[in-house]
2 protein chains.
Amino acid sequence: MSTSAVNIRSAIAATNTQVEARAALDERYRVPCTEPEQWNPTLSVLLGHRSVRAFLPRSVEPWALQAAIAAAQSASSSLNLQLWSVVAVEDPARKARLCLGVADQRWIREAPLYLIWSADLSRHRRVAERISAHGDNLDPDNLDPLATALVDVSLAAQNAAVAFESLGLGLCYIGAVRLYQQELRDELALPSHVVPIFGMCVGYPDPDRPTGVKPRLPQDAVLHKERYDAAADAALIESYDARMADFQGKQRLKQVVWSDYSLRRLFNLHTRDGREAYNAALRNLSLAR
Amino acid sequence: MSTSAVNIRSAIAATNTQVEARAALDERYRVPCTEPEQWNPTLSVLLGHRSVRAFLPRSVEPWALQAAIAAAQSASSSLNLQLWSVVAVEDPARKARLCLGVADQRWIREAPLYLIWSADLSRHRRVAERISAHGDNLDPDNLDPLATALVDVSLAAQNAAVAFESLGLGLCYIGAVRLYQQELRDELALPSHVVPIFGMCVGYPDPDRPTGVKPRLPQDAVLHKERYDAAADAALIESYDARMADFQGKQRLKQVVWSDYSLRRLFNLHTRDGREAYNAALRNLSLAR
């Protein structure tokens, strides 16, 4: 190719990239955004995330799972403790048994791969038993090991999510698994001190049942410069309520006011069945017991 | 280009990609791995993660921060509650004051951008105050809102981390921030129910002070098929101890046995200064108080 042809091509590529960047930001915030000066395929994967709940029957290739778990293990881990583990379920009968609670979680049945991500202190407990170690001054009420494990498993799972999506796979997190501690313990043979935190349905998205990118709070509502400043909070949330209402209308979703509805959902975290077993499992996430 | 030239080019590209994939996996696990059948730039970013603690003076462009926060907000959020916020600190004086505790955290001073990621229930509390809502049956001992917020902030932060790394920036998480609740509250004007969980130093890596990719546990130690199986655990951890010793030698790091050392570190989570204030802040992460 001549130099001018190359220049034209890279100019077109740069323009396309800018257009893609703007489109990705606009779709996430539903407001006109300023163009970032650089963009790349990874940012497109990250910004393009949407929860997928409709899958093709095509199974997830073993090398894709291997790559995603390698990505998960590449995430930072506090003090390199690696306080997590994951169970990969592909057996259709087991997946059907894991459609727990929430009425129509057909996506767990439909997804060829269902991952259950756990905070895991059992590995270190086994080490402690092997070498007969015991900590002095262990405090059973200390939430630090629990919080550390929750962060670890979440960083790992999110890296896996990004890896899957980079390969054209789709997924959705299943928060409800935490409310079925005993059922999961039995079905997956989980030892004590392995606490399922969330599930993840993975598969190739069905193009005939697409989902939209969900708008999020304006960036100024979550990002504070130098010091926390909630002065504009009420106005920002009001604008988000309006954008969510618009999104719900376009996606033919139930119409709710985000701020009211999310408050009710937060209140509901206090009253759900399974909450007590989850709390007990979380409190048990310590080396002290 | 002729068709054969295109074919040769794509064959070379495919071969290069396979080589890159193998190298990335081998480096993460320090054992020969099977080649994945596909690879892409996002997987290279994910697998190539290493903690960066030496930065060039070049500042982080505003559009890069905007893109990273947009990526953070694109991560899944439980029930779309978005229970997190982040404070971006660039003021050198403030960064210097935030070098808390751990003796030589010069990387907080050196990084042009220091992000403090918090679990945040204050936003919903402000909504509740505005609309005079109050939940019935709120249980102050329920850890579910806390756990939900910890997962939310971690998924978001990890997406930001991947976004930064895709742009050539480097970073390291700072877990110690959680032990300085009062100091951060004062310095960053954090309202009640905003709990700093970790910091993140961000900047352009200094190529003259590179860091290595840290080896992780063998994949079989964290990934279980269909049911949890710890039968091979002792052998897998023993092999990892050996690989870590080798890595420490090559990187001229302190020589420790990973399994023993990480057990001691886990015990230490029970005895550190600042633990009580962190626990109090975590327990307070509820709408009930």
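Caption draft 1: A look at the sheet that holds strand β3 (residues 170-174) of chain B. The five strands lie next to each other as β5(A)-β1(B)-β2(B)-β4(B)-β3(B), forming an open sheet whose pairing is mixed. Unpaired on one side and paired on the other, β5 (223-225) of chain A together with β3 of chain B mark the two borders of the sheet. Direction aside, neighbouring strands of the sheet carry axes that sit 25 degrees apart on average. When strand β2 (residues 113-120) of chain B meets strand β4 (residues 194-203) of chain B, the two strands line up antiparallel, connected through eight bridges. Bridge pairing in β4(B) places Leu113(B) opposite Val202(B).

Caption draft 2: Region of interest: the relation of the copies chain B and chain A. The transform that puts chain B on chain A rotates by 180 degrees and translates by 0.0 Å along the axis, for an RMSD of 0.0 Å. One copy is carried onto the other by what is essentially a two-fold rotation axis. Of the residues that chain B buries at the interface, 99% are likewise interface residues in chain A, meaning the two copies contact each other through the same surface.

Caption draft 3: Structural detail: the packing of helix α6 (residues 122-130) of chain A against helix α11 (residues 258-268) of chain B. Taken N-terminus to C-terminus, the directions of α6(A) and α11(B) make an angle of 110 degrees; their axes are 10 Å apart at the nearest point. If you check the angle between α6(A) and α11(B), you find them roughly perpendicular. When the axes of α6(A) and α11(B) are compared, the crossing they make is left-handed. Where α6(A) abuts α11(B), its residues His124(A), Val127(A) and Ala128(A) lie against Trp258(B), Ser259(B), Ser262(B), Leu263(B) and Leu266(B). Classifying every residue of the contact of α6(A) with α11(B) by side-chain character gives five nonpolar, three polar and no charged.

Caption draft 4: How the structure looks around the interface of chain B and chain A. Contact with chain B, which involves 129 residues of that partner, is made by 128 residues of chain A. Buried area between chain B and chain A, both sides added, is near 11300 Å², and the carbon and sulfur share of it is 59%. Looking at the side of chain B facing chain A, the largest losses of area belong to Glu226(B), Tyr228(B) and His270(B), adding up to 8% of the total buried there. Inspection of the region where chain B meets chain A yields eight salt bridges. The salt bridge partner of Glu226(A) is Arg94(B), with a shortest N-O separation of 2.7 Å. Counting the contacts that link chain B with chain A gives 79 residue pairs in polar contact (both at pLDDT 80 or more). The element that contributes the greatest number of residues to the side of chain B that touches chain A is helix α7 (residues 144-166) of chain B, accounting for 14 residues.

Caption draft 5: Broad picture of the environment of Ser239(A). Relative to the helices and strands, Ser239(A) resides in helix α10 (residues 233-250). A sequence separation of 21 residues divides Ser239(A) from Pro218(A), and the C-alpha atoms of the two residues are 8.4 Å apart.

Caption draft 6: Seen up close, the sheet that holds strand β4 (residues 194-203) of chain A. Spatially, β3(A)-β4(A)-β2(A)-β1(A)-β5(B) is the arrangement adopted by the five strands of the open sheet, whose pairing is mixed. On the outer flanks of this sheet lie β3 (170-174) of chain A together with β5 (223-225) of chain B, each paired with one strand and no other. Neighbour-to-neighbour, the strand axes of this sheet turn through a mean angle of 25 degrees, independent of strand direction. Judged from the three bridges that link them, strand β1 (residues 84-89) of chain A and β5(B) form a sheet pairing that is parallel. Its bridge partner lying in β5(B), Val86(A) is registered against Leu223(B).

Caption draft 7: The arrangement of the confidence of the model for chain A in detail. With 93% of its residues at a pLDDT of 70 or more, chain A shows a mean pLDDT of 91. ipTM for the predicted complex: 0.94, alongside a pTM of 0.94.

Caption draft 8: Structural view of the domain arrangement of chain A. All names here are of chain A. What the domain assignment reports for chain A is domain 1 (3-46) and domain 2 (49-211 + 274-283). Centre-to-centre, using C-alpha coordinates, domain 1 lies 34 Å away from domain 2. Domain 1 puts four residues into the contact, and the matching count from domain 2 is five residues. Between domain 1 and domain 2, a total of about 380 Å² is buried, with carbon and sulfur atoms accounting for 53% of that surface. Summed over the shared surface of domain 1 and domain 2, the result is two residue pairs in polar contact (both at pLDDT 80 or more). Breaking the side of domain 1 that touches domain 2 down by element, the ones donating at least two residues are α1 (3-29) and α2 (41-47).

Caption draft 9: A look at α7(B). All names here are of chain B. Between its first and last C-alpha, α7 extends 33 Å over 23 residues, near the 33 Å set by a 1.5 Å rise per residue. Of all 23 residues making up α7, 23 are buried, and the element is well covered by its neighbours. Gly168 lies just past α7 and shows a positive phi near 85 degrees.

Caption draft 10: Layout of helix α3 (residues 62-74) of chain A. All names here are of chain A. Between its first and last C-alpha atoms α3 spans 18 Å; for 13 residues at 1.5 Å apiece the expected length is 18 Å, and the two agree. Counting buried positions over the 13 residues of α3 gives twelve, a clear majority of the element. Restricting attention to buried positions, one finds in α3 the residues Trp63, Ala64, Leu65, Gln66, Ala67, Ala68, Ile69, Ala70, Ala71, Ala72, Gln73 and Ser74.

Caption draft 11: Spatial organisation of the packing of aromatic side chains. All names here are of chain A. In the structure shown here, the tally under the stated rule is six aromatic pairs over all chains. A ring pair is formed by Tyr173 and Phe198, whose centres lie 5.1 Å apart and whose planes are at 80 degrees; its orientation type is edge-to-face. Of the two residues, Tyr173 is situated in strand β3 and Phe198 in strand β4; the sequence distance between them amounts to 25 residues. Positioned over the ring face of Trp107 is Arg53, at 5.5 Å from the centre of the ring.

Caption draft 12: Molecular detail of unusual backbone geometry. All names here are of chain B. Look at Ala189: it is not a glycine, yet its phi comes out positive at around 55 degrees. When you line up the elements, Ala189 lands in the loop between α8 (181-188) and β4. A positive phi is found at Glu226, a non-glycine position, where the angle reads about 70 degrees. As for its placement among the helices and strands, Glu226 is situated in the loop between β5 and α10 (233-250).

Caption draft 13: Broad picture of the pairing of β4(B). All names here are of chain B. Extensive coverage of β4 is indicated by the burial of ten of its ten residues. Here β3 pairs with β4 via five bridges, running antiparallel. Following the sheet pairing, Gly170 is matched in β4 by Gly203.

Conventions and cut-offs
- Residues numbered from 1 in each chain as written.
- Chains lettered and ligands numbered in written order.
- Predicted model: local features only at pLDDT ≥ 70, side-chain atom pairs only at ≥ 80, totals over all residues.
- Heavy atoms only, no water.
- Pairing = 2+ DSSP bridges.
- Helix = DSSP H or I, 4+ residues; strand = E, 2+ residues; numbered from the N terminus.
- Axes fitted to C-alpha atoms, helices over the stretch in contact; angles between N-to-C directions.
- Least-squares fit on C-alpha atoms with pLDDT ≥ 70 in both.
- Contact = heavy atoms within 4.5 Å.
- Parallel < 35°, antiparallel > 145°, perpendicular 65-115°, else oblique.
- Left-handed = near helix turned anticlockwise from the far one by under 90°.
- Nonpolar A, V, L, I, M, F, W, Y, C, P; charged D, E, K, R; others polar.
- Buried area = accessible area lost by both parts, 1.4 Å probe.
- Salt bridge = Lys/Arg side-chain N within 4 Å of Asp/Glu carboxyl O.
- Polar contact = N/O pair within 3.5 Å; in protein donor to acceptor, adjacent residues only side chain to side chain.
- pLDDT = per-residue confidence, 0-100.
- Domains from an automatic or database assignment.
- Expected span 1.5 Å × (residues − 1).
- Buried < 20%, exposed > 50% of the residue type's maximum accessible area, 1.4 Å probe, protein only.
- Phe/Tyr/Trp six-rings, centres within 6.5 Å; stacked < 30°, edge-to-face > 60°.
- Lys NZ or Arg CZ within 6 Å of the ring centre and 35° of its normal.

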